[in-house]
Amino acid sequence: MMDDEGDRLAARRSVGDCPRCGATIDETAVIIEYEVSDRKTAYAECPACEDVVSPR
Ligand SMILES: [Zn+2]
């Protein structure tokens, strides 16, 4: 994906790293986010390997 929104770079926050390839995943890639007990869990599409992963 190309950089189509200039202000997205400044606004985005990291939600973690891809457990498969180690790429940083930012919140714009998050598909779903939920809490289990007091832990926040998310599923996101990794920008590098294009897999749906749980960032950590
Ligand atoms: Zn990945």
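Residue positions are given per chain, counting from 1 as you read along its sequence in written order. For a predicted model such as this one, the threshold for reporting local features is a pLDDT of at least 70, and the threshold for listing and counting side-chain atom pairs is 80 or more; totals across whole chains, interfaces and linings nevertheless cover every residue. Note: side-chain values were computed over all heavy atoms of the structure, leaving out hydrogens and water.

Points about the coordination of the zinc ion
Octahedral metals with six donors have ideal donor angles of 90 or 180 degrees. Tetrahedral metals with four donors have an ideal donor angle of 109.5 degrees. Cut-off, in case you're wondering: Listed donor atoms are N, O and S within 2.8 Å of the metal (Na, K and Ca: 3.2 Å). As water is not included, a site may look incomplete. Sites are called tetrahedral only when four donors show all angles between 85 and 135 degrees, square planar or octahedral only when four or six donors show opposite pairs over 155 degrees and all other angles between 65 and 115, and irregular in any remaining case. Put simply, DSSP marks the helices as runs of H or I at least four residues long and the strands as runs of E at least two long, and each gets a number from the N terminus on. Only protein chains enter the accessibility calculation, which uses a 1.4 Å probe; a residue whose area is less than 20% of its type maximum is buried, one above 50% is exposed, and one in between is partly exposed.
Protein ligation of the zinc ion involves Cys 18 (SG), Cys 21 (SG), Cys 46 (SG) and Cys 49 (SG), the donor distances falling in the range 2.3 Å. One way to put it: the four donor atoms around the zinc ion meet at angles of 102 to 121°, and that makes the site tetrahedral. Of note, the zinc ion draws all its donor residues from one chain, in the sequence arrangement C-x2-C-x24-C-x2-C. Taken together, the residues Cys 21 in the loop between β1 (14-17) and β2 (24-26) and Cys 49 in the loop between β4 (39-45) and β5 (52-53) connect sequence positions 28 residues apart. Overall, the relative accessible area of 42% leaves Cys 21 in the partly exposed class.

Some words on the pairing of β4
What counts here: By this definition, two strands are paired if DSSP reports at least two bridges between them.
Relative to β4, strand β3 (residues 30-36) runs antiparallel, the two being bridged by six bridges. Paired with Tyr 34 across the strands is Thr 41, a residue of β4. Hairpin remark: β3 followed by β4, antiparallel, with two residues in the connecting loop; positive phi at Ser 37, about 55°. Bridge count between β4 and β5: two bridges; the pairing is antiparallel. Within β5, the position partnered with Ala 44 by the bridge is Val 53. Two successive antiparallel strands, β4 and β5, enclose a turn made up of six residues, where Glu 50 displays a positive phi of approximately 60°.

Observations concerning the packing of aromatic side chains
As a reminder, the rule being used: Note on aromatic pairs: the rings of Phe, Tyr and Trp (six-membered ring only in Trp) are paired at centre separations within 6.5 Å, and the planes decide the class, stacked below 30 degrees, edge-to-face beyond 60, tilted for the rest.
In the structure shown here, the tally under the stated rule is one aromatic pair. Aromatic pair Tyr 34 and Tyr 43: ring centres 6.2 Å apart, planes at 35°, arrangement tilted.

So, the side chain of Asp 26
This is how the line gets drawn: Definition of a polar contact: a pair of N or O atoms within 3.5 Å, with one able to donate and the other able to accept a hydrogen when the atoms are protein atoms, and with sequence-neighbouring residues admitted only if both atoms are side-chain atoms. By definition, residues are in contact when any of their heavy atoms lie within 4.5 Å.
Looking at the secondary structure, you find Asp 26 in strand β2. Side chain to side chain, Asp 26 and Thr 28 meet in a polar contact 2.2 Å long. In contact with Asp 26, not counting residues within four places along its chain, are Arg 12, Arg 13, Ser 14 and Val 15.

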